[in-house]
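Residue-level listing of the chains:
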Amino acid sequence: MRGVGWRQANGALRDMVCRGLLLELARAGHLELPSATHVHRNPTVRRATHGAKALAPLLLDTTPVEGPLRALRPLEFQQVRRTPEEPLFNYLVAEYHPLGYARPVAST
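No experiment lies behind these values; they were computed from the predicted model shown. For every chain, the first residue of its written sequence is number 1, and the numbers climb from 1 along that sequence. For this predicted model, a pLDDT threshold of at least 70 governs which residues receive local features, and a threshold of 80 or more governs which side-chain atom pairs are given and counted, while totals over whole chains, interfaces and linings are taken from all residues. Hydrogens and water molecules were not included; the side-chain quantities draw on all heavy atoms of the structure.

Overview of the overall build of the protein
What counts here: The helix and strand labels rest on DSSP assignments: H or I over at least four residues marks a helix, E over at least two residues marks a strand, and numbering proceeds from the N terminus. Working definition: with a 1.4 Å probe on protein chains only, accessible area under 20% of the residue-type maximum means buried, over 50% means exposed, and in between means partly exposed. Contacts were defined at the residue level, with two residues in contact if any of their heavy atoms lie within 4.5 Å. What sets the accessible areas is the Shrake-Rupley method with a 1.4 Å probe; for residues, cover comes only from the shown protein chains.
When its secondary structure is counted, the protein shows three helices and zero strands. For the protein, the succession of helices and strands along the chain, N to C, is α-α-α. The proportion of buried residues among the 108 residues of the protein is 8%. Restricting to contacts in the protein with at least 6 residues of sequence separation, those with at least 24 account for 50%. With an accessible surface of roughly 10000 Å², the protein has 58% of that area assigned to carbon and sulfur atoms.

And the structure:
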């Protein structure tokens, strides 16, 4: 397809974006995909999920925070990738985020 932009800036194909689009179209009933002939086992996905669930359940105050955001100031954000806090972050996302935990795409 010309002009669609299925290539990244480095020239590589955006195959994951394309696959995601096809899956969304199939889920919406706009097309039917053939059955999978082989299920790829990605060891990094298994490791990432295991890492997110490896911590014992924590006792956390899950009382909803109510009020304006400005009442919570100052907010501080820290990068936890490749730090001792990363497993805790992954666990909390897996446990409490509506979409769960998934290893970030193209993370290094």
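Let us keep going from here.
A word on the confidence of the model for the protein
Test applied: Scored between 0 and 100, pLDDT is the confidence that the predictor attaches to each residue.
Per-chain confidence: the protein averages 76 in pLDDT, with 73% of residues scoring 70 or above. Across the protein, the element-wise mean pLDDT spans from 51 in helix α2 (residues 43-53) up to 85 in helix α3 (residues 86-96).

Here's the deal with a nonpolar patch on the surface
Let me state the cut-off plainly: Distance thresholds for patches are 9 Å for like charges and 5 Å for nonpolar side chains (Val, Leu, Ile, Met, Phe, Trp, Tyr), applied to residues having over 30% relative accessible area and no salt bridge. One side-chain nitrogen of Lys or Arg within 4 Å of one carboxyl oxygen of Asp or Glu is enough to make a salt bridge.
Side chains of Val 65, Leu 69, Leu 72, Leu 75 and Phe 77 sit close together on the surface and give an oily, nonpolar patch of about 580 Å² of accessible area. Looking at where Phe 77 falls in the secondary structure, it is placed in the loop between α2 and α3. Note on Phe 77: relative accessible area 74%, which makes it exposed.

Digging into α3
Just so we agree on the cut-off: The arc in question is the one spanned by the directions pointing from the helix axis to the C-beta atoms.
All of the buried residues along α3 are Glu 86, Asn 90, Tyr 91, Val 93 and Ala 94. Looking straight down α3, one finds that the buried residues subtend no more than 165° of arc, so they occupy a single side.

A closer look at the environment of Leu 92
Counting through the fold element by element, Leu 92 comes out in helix α3. Considered as a pair, Leu 92 and Leu 58 are 34 residues apart in the sequence and their alpha carbons are 9.1 Å apart. Beyond its immediate chain neighbours, meaning those up to four positions away, Leu 92 contacts Leu 58, Leu 60 and His 97.

Remarks on unusual backbone geometry
That bond from Arg 73 to Pro 74 is cis: its omega, -5°, falls within 30 degrees of zero. For Pro 74, the location among the structural elements is in the loop between α2 and α3. Notably, Arg 82 is not glycine yet its phi reads approximately 60°, a positive angle. Its place among the elements puts Arg 82 in the loop between α2 and α3. Relative accessible area serves as the criterion here: at 61%, Arg 82 is assigned to the exposed category.

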